[in-house]
Amino acid sequence: MLATIRQALILFLLAVAAAWGTHTWHPRAPAFYLVQEPLRDDEVSMQAIQGRWKGDVLWIDARIQEQFDAGHVPGALLLNEQKFDEQLFGHLDTLQANTKPIIIYCSAAKCEASRHVLERLKQTLPVENVFVLKGGWQAWKAAGK
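Thresholds, definitions, all that
Residue numbering note: each chain is counted from 1, following its sequence as written. Residue-level local features of this predicted model are given only where pLDDT is at least 70; pairs of side-chain atoms are given and counted only at 80 or more, and the full residue set underlies all totals for whole chains, interfaces and linings. Only hydrogens and water are set aside when side-chain values are computed; all heavy atoms of the structure are taken into account. A 1.4 Å probe rolled over the protein chains alone gives each residue an accessible area, and that area as a share of the maximum for its type sets the label: buried under 20%, exposed over 50%, partly exposed in between. Counting from the N terminus, the helices are DSSP H or I runs at least four residues long and the strands are E runs at least two residues long. DSSP calls a pair of strands paired once it identifies at least 2 bridges connecting them. Here is how to tell: hold the view so the strands point away, follow the path from the first strand over the helix to the second, and if it runs clockwise the crossover is right-handed. What counts as a salt bridge is simple: a side-chain nitrogen of Lys or Arg found within 4 Å of a carboxyl oxygen of Asp or Glu.

A. Summary view of the pairing of strand β2 (residues 58-61). Side chains of β2 alternate between two faces, with L58 and I60 and W59 and D61 buried alike. In terms of strand pairing, β2 meets strand β4 (residues 102-105) through four bridges, oriented parallel. The partner of W59 across the bridge, within β4, is I103. Here two bridges tie β2 to strand β3 (residues 77-78), and the two strands are oriented parallel to one another. Of the residues in β3, the one forming a bridge with I60 is L77. Handedness of the β-α-β unit built from β2, helix α3 (residues 65-70) and β3 comes out right-handed.

B. Main features of the sheet that holds β3. What the five strands build is an open sheet, ordered β1-β5-β4-β2-β3; its pairing is parallel. Across the chains shown, the open sheet's two edge strands, defined by having one partner strand only, are β1 (43-44) and β3.

C. Inspection of the pattern of salt bridges at higher detail. With the rule as written, the count across this model stands at six salt bridges. One salt bridge connects R115 with E112, and the closest N-O pair in it is separated by 3.6 Å.

D. Here's a closer look at the pairing of β4. The side-chain alternation of β4 yields two buried faces, one formed by I102 and I104 and the other by I103 and Y105. Bridge analysis of β4 against strand β5 (residues 130-133) gives three bridges, and the strand direction is parallel. Its bridge partner lying in β5, I102 is registered against V130. Remark: the β4/helix α5 (residues 113-124)/β5 crossover connection has right-handed handedness.

Here it is as structure tokens:
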């Protein structure tokens with residue numbers, strides 16, 4: 001019985017050492033507890049949108065057509081990676097006449113589609129005040145919209 005307890009303790013200590021080593025030296029180490037990541041320079045939160053601009057922004061939905069059709073921010077323009085050139089042509093007048101900040105969102109926090117659309121939009125048009133919504137569509141829904 002004592003040998004079994006000793007073996008279990010050794011296995012436990014090895015597992016703790018492996019977890020500590022991963023957390024210490026891994027370039028993208030997992031957090032031991034949930035941490036709110038800071039906003040990137042090109043990101044904005046729902047609170048900032050409401051506080052800075054009182055919600056008066058131009059929304060761009062970077063999701064696919066089916067997700068857009070299932071639900072989107074009222075008044076949002078659909079502009080995704082798959083049909084970027086075609087959709088951009090349809091929204092060109094609106095984007096060129098726009099004076100509001102542009103907020104791009106996709107499905108969730110880990111979605112990179114909005115960031116890809118932001119980069120292509122900046123390469124194509126001389127736009128300023130363009131941001132990615134941190135948390136995406138999920139953050140907008142969580143804000144009670």
